[in-house]
Amino acid sequence: MTDLPTGIEPQAAPTASLLARLRRAGGTAFGAVLGALLRLVDRPMRLLQQLVGERRMAYVFLLPNLVFFSLFVFVPLAIDLVFSFTGGESLFPSQRPYVGTDQYAYLFDCGSFFDPASCRVDHFWRGVANTLRFTIFQLVSMVTFSLVTALVLNMPIRGRGFFRAVYFFPVLLSPVVVALVWKWILQRDGLLNAGLTMIGGQKILFFVDPGWAMFWSVFVSVWAHMGFYTLILLAGLQAIPADLYEAAQMDATPRWRVLWRITLPLLWPNLIVVIVLALIRGVQTFDEVFVLTGGGPGTATLMIVQYIYETAFASQVQNFGLAAAASIVLGVVLFLLTLAQLSRTRSAS
Amino acid sequence: MRTITRRAMSAFVLAACFLAGSSGGRGAEAQTVLRMTWYSDGNEGEVMADLLRRFEDKNRDIHVVLDQVPFKAINENLPVQLASGQGPDIARVSDMGGLARHMLDLRPYLKNADYWEANYGPFLQWMRVPGDTSSIPGFMTQLTVTGPFVNKTLFEQAGVAMPGPKSSWEDWAKAAKEVADKVQAPFPIAFDRSGHRFFGLAISEGAAVFDGKGQPAVVDDGFKRAAKLIYDWHNSGVMSKELWGSVAGATYRGANEEFKNAQVVMYESGSWQISQFDKTIGTAFDWVAVPTPCGPANCSGMPGGAALVGIKSTKHPEQVARVLDYLASEDVIAEFYARSLFVPGHLGLARKGLDYKDASPVANAALKVFSDSVNQLAPAANQLQGYPASRVILNAVISRLGQAVAGEVTLDEAYKRISGDVEQQLAERNKK
């Protein structure tokens, strides 16, 4: 047998030790079967390594994931791009007429981008404006409430484990379930209005007033996802070395200064992650708001993704071309946001 | 060891024999499996399942799998399935014109095509692509007519007299508001959030919908009169913004739950609600269906319905035709209409009259009102229903009037947008 490159020799020892441990722990039978299976894989992998070289082995391991990723991400993306340059209502690209950049031109045909009513596809631009508004409100609320919650849950309070679970619990629920539960609470004869009338107040039709509809859309989104972002920040807080706080305590540094000078700067990488994830989530918002408000009243909570969905599927003339163009525009925005995240993360590190 | 192996083999053989026997002998002959996509407004899914069981007992070489889906899936998912060639063999559809190009012509496979022509003839045109005058794609599982339901108990409690037949929409609006104010009902009048429902009112107000060449000319004086009525009713409290103003786009929103909870004085919906009202309201309050109120032009509602059609991409056209032939036969379809409490879409049965044995007297009276209102339908209403791209018009109207009701745009802006939306979508459809 040909000698293996020196680089892989040290890996033999952990494998042997793993096998030895397995044999000891699980008796003999299970360990022996697993050992035989590992040996079975071992030889072809060594051969493969000889063929492609040690450096290229990383790509071999990445290949299966890359195949699935290409199949379910790159191929649909390419089809989406092709659709955005075609018209008509046929489903198959080969049957769709090429229309060049007509769909984009139609989408961007606006008197003023700050006035959706001046645009030919006003619903798209209303969706853009609403998504922007929603994203800003949601981002500020999400980061603020997650940070405050993480700071509180990081303190030695009673029932800390219970509260951590409570705040994380909504994350486990399906967005549709969350929206339906809140819809039942907020509707005309819902729990909140029942409470209001019980204390002598008037019923409020939350889904008829644009301001209330947007407020509750943001509120429900923050309620449902705050636990996830709190968890990220909590992990960051726990990674801050305790001796920094001890030193600050010895210097009698005020608590706000500790927060401003120690906690926040050291939490910054985690905050960046939270900001970018919340930002991307805000731009992509669909399911919760769609079930909660249906995009109304009027188009007050119509988001870009709902516009894309309805243009492609809810109309009798299923305008896949225009929907694809709108989704490419959305994709470009998300791509730019991701680039911004990468550059901020690099500069922060 | 050998004994164990023998026992295992014997058990396997016995199990195989048992499984073969329990399939009711169907495994003995080649069986064709057909898929039927179906949605329900009331109990018609149960009735159809029952009829299919009977069909299968008589035709053991065919098994029909009934896939029951929500109405939204019929409008949004089924067209994509059909366009991709992956659709079912049979489907119940309401957008007949829009899906006509995917429908199978059953004529070559039917036992007696003349029976179909004679009894389903006028409705077949709704299922055909423009220019086609001969295909038989399916039959009507129900003929629907829009019209109002009234909570009679609320009128009695308020001491207000119900407007009589041939009363105008304005008379009803005034009476319903008076009742609602007296009994504190939140919805004096509720219209389903649907372009189809709006056009009943619009055509009564004189909307022609099409020009002399049969091309859409949606916004005219009659249309504007109806839109102004709806707009004003929302501003004066005759209609609540919760239905028309609370969602975006062409999203459907009904008020059937509110009507069943006695929150609505007058509910403009249609004949398909009778079955569920009969079952769920029971004796909680008295409700009646009343003839469609009148406008200056006529007292028309909107026709509509659902058809059970064969799908062109099926690999078993003969079997599909056998199933549909059975279901469309007079006795079977009569039972289906009677048990589902549907207005018949079968001319012979409509002439003879149906015996709705399971219906209460209230439901029977409502069915009579809707059956009679078929004769009041204006030509424009039938033309709109038969227009292949009718949903383009209906969706544009509800989407833009919804924005006007919510206060986002003026009525004049809504009119311009309606015309623009219809024009753009038809242009997109014509791109080949």
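Quantities reported herein were computed from a predicted structural model and do not represent experimental measurements.

Cut-offs used in this document
- Residues numbered from 1 in each chain as written.
- Chains lettered and ligands numbered in written order.
- Predicted model: local features only at pLDDT ≥ 70, side-chain atom pairs only at ≥ 80, totals over all residues.
- Helix = DSSP H or I, 4+ residues; strand = E, 2+ residues; numbered from the N terminus.
- Rg over C-alpha atoms; globule rule 2.2 N^0.38 Å.
- Buried ≥ 20, exposed ≤ 12 C-beta atoms within 10 Å, placed from the backbone.
- Contact = placed C-beta atoms within 7 Å.
- Domains from an automatic or database assignment.
- Nonpolar A, V, L, I, M, F, W, Y, C, P; charged D, E, K, R; others polar.
- Axes fitted to C-alpha atoms, helices over the stretch in contact; angles between N-to-C directions.
- Parallel < 35°, antiparallel > 145°, perpendicular 65-115°, else oblique.
- Left-handed = near helix turned anticlockwise from the far one by under 90°.
- Core = buried A, V, L, I, M, F, W, Y, C linked by C-beta atoms within 7 Å.
- UniProt positions renumbered as here; feature names shortened; annotations may be inferred.

Moving on: the overall build of chain B. Each helix and strand counted, chain B has 20 helices and eight strands in total. Taken against the 2.2 N^0.38 rule, which gives 22 Å for 432 residues, the C-alpha radius of gyration of chain B at 24 Å falls within 12% of a compact globule. Its C-alpha atoms give chain B principal-axis dimensions of about 90 × 55 × 50 Å. Counting all 432 residues of chain B, 51% fall into the buried class. Across chain B, the fraction of contacts at a sequence separation of at least 24, relative to all contacts at a separation of at least 6, is 76%.

Further remarks concern helix 9 (residues 195–204) of chain B. Residue and element names in this part refer to chain B. Helix 9 sits mainly inside the fold: ten of its ten residues count as buried. Among the residues making up helix 9, those that are buried are G195, H196, R197, F198, F199, G200, L201, A202, I203 and S204. Directly after helix 9, the chain includes G206, whose backbone phi takes a positive value near 110°.

Right, let's get into the domain arrangement of chain A. Domain boundaries assigned for chain A yield domain 1 (9–54) and domain 2 (93–348). Relative placement of domain 1 of chain A and domain 2 of chain A: their C-alpha centres are 47 Å apart.

All names here are of chain B. Domain assignment breaks chain B into domain 1 (2–143 + 304–352) and domain 2 (145–303 + 360–430). Distance from the C-alpha centre of domain 1 to the C-alpha centre of domain 2: 32 Å. Counting residues at the interface gives 16 residues for domain 1 and 21 residues for domain 2. Contributing elements (two or more residues each) for the side of domain 1 that touches domain 2: helix 5 (96–99) and strand 4 (138–151). For the side of domain 1 that touches domain 2, the class distribution of residues is six nonpolar, eight polar and two charged.

The subject of this paragraph is the packing of helix 9 (residues 210–239) of chain A against helix 11 (residues 255–284) of chain A. Think of two packed helices as two axes; the pair is described by the angle between the axes and how far apart they sit. All names here are of chain A. In contact at an axis separation of 8 Å, helix 9 and helix 11 are set at 165° when each is read in the N-to-C sense. Classified by the interaxial angle, the pair formed by helix 9 and helix 11 is roughly antiparallel. Seen along the crossing, helix 9 lies across helix 11 with a hand that is right-handed. Here helix 9 contributes H225, Y229, I232, L233, G236 and L237 to the contact with helix 11, which in turn contributes L267, N270, V273, V274, A278 and R281. Grouping the amino acids of the contact of helix 9 with helix 11 by side-chain chemistry returns eight nonpolar, three polar and one charged.

To continue, consider helix 8 (residues 191–198) of chain A. Counting buried residues in helix 8 of chain A gives zero out of eight residues, a small share hidden from the surface. Looking at the residues trailing helix 8 of chain A, positive phi occurs at G200 of chain A, about 90°.

Glancing now at the nonpolar core. Residue and element names in this part refer to chain B. In terms of nonpolar packing, the biggest core is built from 128 residues, with A176, I189, F198, V265 and L324 touching the most fellow members. The element contributing the most residues to this core is helix 19 (residues 390–405), with nine residues. In terms of domain composition, this core takes at least three residues from each of domain 1 (2–143 + 304–352) and domain 2 (145–303 + 360–430). In contact with A176, other than residues within four places in its own chain, are P188, I189, V238, V265 and M266.

Contacts between the two partners involve 24 residues from chain A, matched on the other side by 31 residues from chain B. Looking at the side of chain A that touches chain B, its residues break down into ten nonpolar, eleven polar and three charged.

It is worth spelling out the UniProt feature "transmembrane region" (unreviewed entry) in chain A at this point. All names here are of chain A. Per the UniProt entry, the sites bearing "transmembrane region" (unreviewed entry) are residues 24–41, 62–85, 134–153, 165–185, 215–238, 258–280, 289–309 and 321–340 in this numbering. Segment residues 62–85 splits into 96% helix and 0% strand. End C-alpha atoms: 33 Å apart. Here residues 321–340 runs as 100% helix and 0% strand, with 29 Å between its end C-alpha atoms.

Moving on to the environment of D41 of chain B. All names here are of chain B. Positionally, D41 belongs in the loop between strand 1 (32–38) and helix 2 (44–58). Using a count of 21 C-beta atoms within 10 Å as the deciding quantity, one classes D41 as buried. Residues D41 and S340, 299 residues apart in the sequence, show an inter-C-alpha distance of 9.5 Å.

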